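Here is how the chains run, residue by residue.
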Amino acid sequence: MEFYYNEALTDYKVFTTAFRSKLDEMEKQSFYASPPEIVAETIYQAATDVQINSDI
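What counts and how
- Residues numbered from 1 in each chain as written.
- Predicted model: local features only at pLDDT ≥ 70, side-chain atom pairs only at ≥ 80, totals over all residues.
- Heavy atoms only, no water.
- Helix = DSSP H or I, 4+ residues; strand = E, 2+ residues; numbered from the N terminus.
- Buried < 20%, exposed > 50% of the residue type's maximum accessible area, 1.4 Å probe, protein only.
- Areas by Shrake-Rupley, 256 points an atom, 1.4 Å probe, with all protein chains shown as cover.
- Patch = residues over 30% accessible without salt bridge, like charges linked within 9 Å, V, L, I, M, F, W, Y side chains within 5 Å.
- Salt bridge = Lys/Arg side-chain N within 4 Å of Asp/Glu carboxyl O.
- Phe/Tyr/Trp six-rings, centres within 6.5 Å; stacked < 30°, edge-to-face > 60°.

Engineer: An account of the overall build of the protein is requested, with residue identities and associated values reported.
Structural biologist: The number of helices and strands found in the protein is 2 helices and 0 strands. By residue count, 5% of the 56 residues in the protein fall in the buried class. As presented, the protein carries roughly 5600 Å² of accessible surface, and 58% of it is formed by carbon and sulfur atoms.

Structure (structure tokens):
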């Protein structure tokens, strides 16, 4: 996964360092990854969801 990080944004350095570390860990462990079919189905459902939530 590619992640852009701007070194000039020092206020976010602690968060970004931790985030990038976790991404590196996740990329090395396949159990974090969903199969492409699951990802595609989830994206399709989100993109085509027309139900209106009355609680909002």
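Past the structure itself, the notes keep going.
Engineer: Mind laying out a nonpolar patch on the surface, listing which residues take part and the relevant values?
Structural biologist: A grouping of Met26, Phe31 and Tyr32 is seen on the molecular surface, where their side chains present a nonpolar patch of about 310 Å² in accessible area. Locating Met26 in the fold gives a position in helix α1 (residues 13–28). On the accessibility criterion, Met26 (33% relative accessible area) is partly exposed.

Engineer: An account of the packing of aromatic side chains is requested, with residue identities and associated values reported.
Structural biologist: Tallied over the entire structure, the rule returns 1 aromatic pair. On the numbers, 5.8 Å between centres and 15 degrees between planes, the contact of Phe15 with Phe19 is stacked. Remark: Phe19 and Phe15 occur in helix α1; sequence separation between them is 4 residues, near one turn of the helix. Taking relative accessible area as the criterion, Phe15 reaches 57% and is therefore assigned exposed. The exposure class assigned to Phe19 is partly exposed, which follows from its relative accessible area of 32%.

The quantities given are spatial measurements derived from coordinates; they are silent on function.
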